[in-house]
Amino acid sequence: RSSPPPPAEQRDSRVDMDRIQRLAAANAVVVFSQSGCCMCHVVKRLFCDLGVGPTVYELDELSWGADLAKALIRLMGSSQPVPAVFVGGKLLGGLDHVMAAHISGKLVPQLKQAGALWL
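Residues numbered from 1 in each chain as written. Predicted model: local features only at pLDDT ≥ 70, side-chain atom pairs only at ≥ 80, totals over all residues. Heavy atoms only, no water.

Novice: I would appreciate a short explanation of the overall build of the protein chain in the present structure.
Specialist: Helix and strand counts for the protein chain come out as five helices and four strands. Of the regular secondary structure in the protein chain, the N- to C-terminal order runs α-β-α-β-α-β-β-α-α. For the protein chain, with 119 residues in total, the buried portion stands at 37%. Taking the contacts inside the protein chain whose residues are at least 6 apart along the sequence as the reference set, 63% of them involve residues at least 24 apart. In the form shown here, the protein chain has an accessible surface area of approximately 7000 Å², with 55% of it arising from carbon and sulfur atoms. (Helix = DSSP H or I, 4+ residues; strand = E, 2+ residues; numbered from the N terminus. Buried < 20%, exposed > 50% of the residue type's maximum accessible area, 1.4 Å probe, protein only. Contact = heavy atoms within 4.5 Å. Areas by Shrake-Rupley, 256 points an atom, 1.4 Å probe, with all protein chains shown as cover.)

Okay, here's the thing in C-alpha coordinates:
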(Lines give C-alpha, C1' and ligand atoms only; values in the text may rest on other atoms or scores of the structure.)
Protein backbone atom coordinates (compact mmCIF):
# COMPACT_ATOMS: atom_id res chain seq x y z
CA ARG A 1 0.00 0.00 0.00
CA SER A 2 1.38 3.40 -0.94
CA SER A 3 1.46 6.31 1.43
CA PRO A 4 -0.71 9.35 0.74
CA PRO A 5 0.89 12.26 -1.12
CA PRO A 6 2.33 15.05 1.01
CA PRO A 7 0.04 18.00 1.75
CA ALA A 8 -0.13 20.67 -0.96
CA GLU A 9 1.75 23.16 1.26
CA GLN A 10 4.65 20.73 1.65
CA ARG A 11 4.74 20.04 -2.12
CA ASP A 12 4.67 23.78 -2.85
CA SER A 13 7.48 24.32 -0.35
CA ARG A 14 9.61 21.70 -2.07
CA VAL A 15 8.94 23.33 -5.45
CA ASP A 16 10.00 26.73 -4.06
CA MET A 17 13.18 25.25 -2.54
CA ASP A 18 13.98 23.60 -5.87
CA ARG A 19 13.40 26.91 -7.66
CA ILE A 20 15.76 28.70 -5.25
CA GLN A 21 18.45 26.06 -5.80
CA ARG A 22 18.09 26.28 -9.60
CA LEU A 23 18.24 30.08 -9.60
CA ALA A 24 21.19 30.08 -7.19
CA ALA A 25 23.14 27.53 -9.24
CA ALA A 26 22.62 29.37 -12.54
CA ASN A 27 25.02 32.24 -11.73
CA ALA A 28 28.23 32.76 -9.75
CA VAL A 29 26.66 35.18 -7.27
CA VAL A 30 22.92 35.40 -6.63
CA VAL A 31 21.24 37.79 -4.23
CA PHE A 32 17.60 37.39 -3.24
CA SER A 33 16.54 40.88 -2.24
CA GLN A 34 13.67 43.29 -1.76
CA SER A 35 13.84 46.64 -3.48
CA GLY A 36 13.34 48.74 -0.33
CA CYS A 37 15.62 46.75 1.98
CA CYS A 38 18.63 48.73 3.22
CA MET A 39 20.56 45.55 4.18
CA CYS A 40 20.03 44.25 0.65
CA HIS A 41 21.36 47.53 -0.72
CA VAL A 42 24.52 47.17 1.39
CA VAL A 43 25.13 43.62 0.10
CA LYS A 44 24.57 44.60 -3.53
CA ARG A 45 26.81 47.65 -3.11
CA LEU A 46 29.60 45.56 -1.56
CA PHE A 47 29.59 43.16 -4.51
CA CYS A 48 29.59 46.03 -7.00
CA ASP A 49 32.49 47.68 -5.15
CA LEU A 50 34.39 44.37 -5.37
CA GLY A 51 33.78 44.28 -9.13
CA VAL A 52 31.16 41.54 -8.98
CA GLY A 53 27.88 41.88 -10.83
CA PRO A 54 25.50 39.65 -8.87
CA THR A 55 22.30 38.33 -10.32
CA VAL A 56 19.61 39.95 -8.19
CA TYR A 57 16.05 38.72 -7.69
CA GLU A 58 13.87 41.40 -6.12
CA LEU A 59 11.21 39.30 -4.38
CA ASP A 60 8.74 42.18 -4.13
CA GLU A 61 8.84 42.55 -7.92
CA LEU A 62 8.22 38.86 -8.72
CA SER A 63 4.76 37.32 -8.89
CA TRP A 64 6.12 34.27 -7.03
CA GLY A 65 8.36 36.30 -4.71
CA ALA A 66 6.24 35.80 -1.58
CA ASP A 67 6.51 32.02 -1.97
CA LEU A 68 10.29 32.28 -2.36
CA ALA A 69 10.47 34.51 0.72
CA LYS A 70 8.74 31.81 2.79
CA ALA A 71 11.15 29.19 1.49
CA LEU A 72 14.14 31.46 2.19
CA ILE A 73 12.96 31.95 5.79
CA ARG A 74 13.06 28.17 6.24
CA LEU A 75 16.37 27.83 4.42
CA MET A 76 18.09 30.62 6.33
CA GLY A 77 16.56 29.72 9.70
CA SER A 78 15.69 33.37 10.19
CA SER A 79 12.60 35.54 10.26
CA GLN A 80 14.35 37.81 7.74
CA PRO A 81 14.39 36.18 4.29
CA VAL A 82 16.54 38.84 2.60
CA PRO A 83 19.23 39.45 1.72
CA ALA A 84 19.97 35.83 0.95
CA VAL A 85 23.30 35.45 -0.83
CA PHE A 86 24.48 32.42 -2.78
CA VAL A 87 28.03 32.09 -4.08
CA GLY A 88 28.83 29.26 -6.44
CA GLY A 89 25.35 27.83 -5.90
CA LYS A 90 25.89 27.53 -2.13
CA LEU A 91 24.14 29.59 0.51
CA LEU A 92 26.54 32.08 2.06
CA GLY A 93 23.83 33.70 4.19
CA GLY A 94 22.55 37.13 4.99
CA LEU A 95 24.33 40.43 5.46
CA ASP A 96 26.02 39.28 8.68
CA HIS A 97 27.59 36.24 7.03
CA VAL A 98 28.62 38.19 3.92
CA MET A 99 30.28 40.93 5.99
CA ALA A 100 31.99 38.40 8.28
CA ALA A 101 33.40 36.59 5.23
CA HIS A 102 34.53 39.92 3.75
CA ILE A 103 36.20 41.18 6.94
CA SER A 104 37.94 37.84 7.54
CA GLY A 105 39.30 37.80 3.98
CA LYS A 106 37.34 34.69 2.98
CA LEU A 107 34.85 36.34 0.62
CA VAL A 108 37.20 37.22 -2.27
CA PRO A 109 38.63 33.67 -2.51
CA GLN A 110 35.06 32.29 -2.55
CA LEU A 111 34.14 34.72 -5.31
CA LYS A 112 37.23 33.70 -7.32
CA GLN A 113 36.45 30.01 -6.86
CA ALA A 114 32.88 30.60 -8.07
CA GLY A 115 34.15 32.43 -11.16
CA ALA A 116 32.76 35.81 -10.12
CA LEU A 117 36.22 37.42 -9.88
CA TRP A 118 39.28 36.78 -12.02
CA LEU A 119 41.90 38.99 -10.35
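Novice: How should I be thinking about the sheet that holds strand 4 (residues 90–93) in this particular structure?
Specialist: Two modes of strand pairing occur in sheets, parallel and antiparallel, and in both the strands are linked by backbone hydrogen bonds. One open sheet accounts for four strands, arranged 2-1-3-4; its pairing is mixed. With partners counted over all chains shown, the strands left at the sheet margins are strand 2 (55–58) and strand 4, one partner each. Averaged over all pairs of adjacent strands, the angle between their axes in this sheet comes to 25°, without regard to strand direction. Inspection of the sheet shows strand 1 (residues 29–33) paired to strand 2 by four bridges, in the parallel sense. Following the sheet pairing, F32 is matched in strand 2 by Y57. The sheet strands contacting helix 3 (residues 65–76) are strand 1, strand 3 (84–87) and strand 4, and the helix crosses strand 3 at an angle near 70°. Packing of helix 4 (residues 95–103) onto the sheet brings it into contact with strand 3 and strand 4, and relative to strand 4 it is tilted by some 90°. (Pairing = 2+ DSSP bridges. Axes fitted to C-alpha atoms, helices over the stretch in contact; angles between N-to-C directions.)

Novice: Would you mind showing me how to read the packing of helix 2 (residues 38–49) against helix 4 here?
Specialist: Think of two packed helices as two axes; the pair is described by the angle between the axes and how far apart they sit. At a closest axis distance of 10 Å, the pairing of helix 2 and helix 4 adopts a crossing angle of 30°. In this view, helix 2 runs roughly parallel relative to helix 4, as classed from their interaxial angle. Of the two possible hands of crossing, helix 2 and helix 4 adopt the one that is left-handed. Taken together, the residues of helix 4 that come into contact with helix 2 (itself represented by M39, V42, V43, L46 and F47) are L95, V98, M99 and H102. (Parallel < 35°, antiparallel > 145°, perpendicular 65-115°, else oblique. Left-handed = near helix turned anticlockwise from the far one by under 90°.)

Novice: What am I meant to see in unusual backbone geometry here?
Specialist: In terms of backbone geometry, most residues other than glycine have negative phi values and most peptide bonds are trans. Between V82 and the following residue, P83, the backbone shows a cis peptide bond with an omega angle of -5°. Among the secondary structure elements, P83 is positioned in the loop between helix 3 and strand 3.

Novice: Would you mind showing me how to read the environment of A114 here?
Specialist: Tracing the sequence through the fold places A114 in helix 5 (residues 107–114). Spatially, the C-alpha atoms of A114 and K90 are 9.7 Å apart, while their sequence positions differ by 24 residues. If sequence neighbours within four positions are ignored, A114 has contacts with A28, V87 and G88.

Novice: Help me understand the packing of aromatic side chains, please; the structure alone is not making it clear to me.
Specialist: By convention here, two paired aromatic rings are described through the distance between centres and the angle between planes. Taken as a whole and judged by the stated rule, the model has two aromatic pairs. Between the aromatic rings of F32 and Y57, the centroid separation amounts to 5.5 Å while the plane-to-plane angle is 25°, which identifies the pairing as stacked. Placement of the pair is F32 in strand 1 and Y57 in strand 2, with a sequence separation of 25 residues. By the ring-pair criterion, three or more aromatic residues cluster together here, those being F32, Y57 and F86. A cation sits over an aromatic face here: R19 above W64, 4.3 Å from the ring centre. (Phe/Tyr/Trp six-rings, centres within 6.5 Å; stacked < 30°, edge-to-face > 60°. Lys NZ or Arg CZ within 6 Å of the ring centre and 35° of its normal.)

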